[in-house]
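# Structural features, examined
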Amino acid sequence: MELYNLKHPSQVVSFTEALKLGLGKDRGLFFPKEIPVLQDMDALLALPFVERSKKVLGAWLASEIGQETVDSLVEKAFNFDLKLAKADENRYCLELFHGPTLAFKDFGARFMAQCLNELAGGDKINILTATSGDTGAAVADAFFGLDKIQVVVLYPKGKISVLQEKMFTTLGDNIHTVSVESDFDACQDLVKRAFEDSDVRDGLHLNSANSINISRLLAQICYYFEAVAQFKAQHQQDPVIAVPSGNFGNLTAGLFAKAMGLPVARFVAATNSNDTVPRYLDKGDWLPHATVATMSNAMDVAEPSNWPRVEAITEKMGWSLSEITGVALSEEDTSEALKSLYSQGYLSEPHAAIAAQALNLTLSDEEKGIFLGTAHPAKFKDVVDRELAIALPLPAELAAVENKDILSVTLAADFSQLKTHLFKIL
């Protein structure tokens, strides 16, 4: 598999190189030279999730690392369930929160961890990543206890739920966490600056576990195939898929899946008040505003890093960006969407509720669709309890960390402070 840097196309790397580098020169994202197209889609969709995922990822990676290695990576990474749950007559939720940290990020983080453990050889690796919520927990869980890998997670202080925070800030050992006195975009910028600083990048052998790492995106492609497989077992039409969107890695993976041949009618990019992409799709002007804090905090991203990949896919496939529907919901709309789902018997959380309502607003009378459930409702217990006037019980995974101490260091959004801290702990 060959990938090139979207900012510097002359920089061409293998999958293993892209896996270890994370970002290319000048913060450039790696993008595949070719997108494999899968044949006999009906037979593929009839396979169980793990067996199908071996074929999906093998189409990308087998020529470089061998199908046997791909099979082993998939079996180790994807060892939990996912299901398509009916919300109402026209909408289904793909529940991606049945993994160890109760969020969709488990798919990408666990696959990336297995890839690095298998392919990095004897190289020392330090992971530096930023999270707006669920990435931190998924990455921390996936890499916790791996001897040759240290992980540093940056997150915006006071802007993620306490239970989200405790899932990755209470581990210790090879997991280091930094509470940054700013928003997620500032955390993301600190990560990018670290990769631009040769002393830090090369001296500390940095890698990133955000969705900017191509291994994360490849893993996420697999659950779109599962969504469509379960949907088409009940319906003869192609689904519309609404994606709750923050950094836009999830939508990128969905577009890769469609480019591989997956039958999807169209995609809906659903955001909260941080609506850079819906405004861009509507007016054609890229005008990020200051990040706004919302109850759907994992989507509080004003400048999504993966958007260049979205544009690269549409250009490569000859698609129009107008084929992606952008919908932004206010806080009031989010609350109403959450209550509406609950009144119909489906308990959700703010991010999925936004996607569910965006889907509802854009479906034609003839269409049916899927929205992605990216986190267990209990990860946002404070919001869900408040908005729905209920007392949501904690699943075992969250109850286990509820009373643990947070081990984070707090820093200003200052790169010099972060650089000093990194050289101190790594």
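Note that the coordinates shown come from a computational prediction; the quantities given were computed from them, not determined experimentally. Position labels on residues start from 1 in each chain and follow its written sequence. For this predicted model, a pLDDT threshold of at least 70 governs which residues receive local features, and a threshold of 80 or more governs which side-chain atom pairs are given and counted, while totals over whole chains, interfaces and linings are taken from all residues. Calculation of side-chain values draws on the structure's entire complement of heavy atoms; hydrogens and water are dropped beforehand.

### A few points about the domain arrangement of the chain
On domain assignment, one finds that the chain holds domain 1 (81-101 + 214-388) and domain 2 (124-204 + 394-425). The domain limits used here are those given by an automatic or database domain assignment. The gap between the C-alpha centroids of domain 1 and domain 2 is 25 Å. Every residue pair with non-hydrogen atoms within 4.5 Å of one another is taken to be in contact. Taken together, the 19 residues of domain 1 in the interface contact 22 residues of domain 2. Taken together, the two surfaces of domain 1 and domain 2 that pack against each other cover about 1600 Å², and 50% of this comes from carbon and sulfur. Accessible-area loss on putting two parts together, using a 1.4 Å probe and summing over both, is the definition of buried area adopted here. On the domain 1 side of the contact with domain 2, Thr-101, Asn-297 and Lys-379 bury the most area, a combined 33% of that side's loss. Each polar contact in these results corresponds to two N or O atoms within 3.5 Å; when the atoms are within protein, one needs to be able to donate a hydrogen and the other to accept it, and residues that are neighboring in sequence are counted only if both atoms are side-chain atoms. Scanning the region where domain 1 abuts domain 2 turns up 10 residue pairs in polar contact (both at pLDDT 80 or more). Its residues assigned to classes, the side of domain 1 that touches domain 2 shows seven nonpolar, seven polar and five charged. Charged means Asp, Glu, Lys or Arg here, nonpolar means Ala, Val, Leu, Ile, Met, Phe, Trp, Tyr, Cys or Pro, and polar covers whatever is left, Gly included.

### Focus: helix α7 (residues 162-169)
Of all eight residues in α7, seven are buried; the element is thus mostly enclosed. Note on exposure labels: buried denotes an accessible area under 20% of the residue type's maximum, exposed denotes more than 50%, and partly exposed covers the range between, all computed with a 1.4 Å probe on protein chains only. Each helix is a run of DSSP H or I of at least 4 residues and each strand a run of E of at least 2, with the numbering of both proceeding from the N terminus. Listing the buried residues of α7 in full gives Leu-163, Gln-164, Glu-165, Lys-166, Met-167, Phe-168 and Thr-169. Where the residues of α7 are buried, they touch α6 (134-143), β7 (149-156), β8 (175-180), α16 (381-388) and α17 (396-399).

### Side note on the UniProt feature "domain: Threonine synthase N-terminal" (unreviewed entry) in the chain
Under the present numbering, the feature "domain: Threonine synthase N-terminal" (unreviewed entry) in UniProt falls on residues 10-78. As annotated, residues 10-78 comprises 58% helix and 9% strand, and the C-alpha atoms at either end are separated by 34 Å. UniProt positions are given in the numbering used here, feature names are shortened, and annotations may be inferred rather than shown by experiment.

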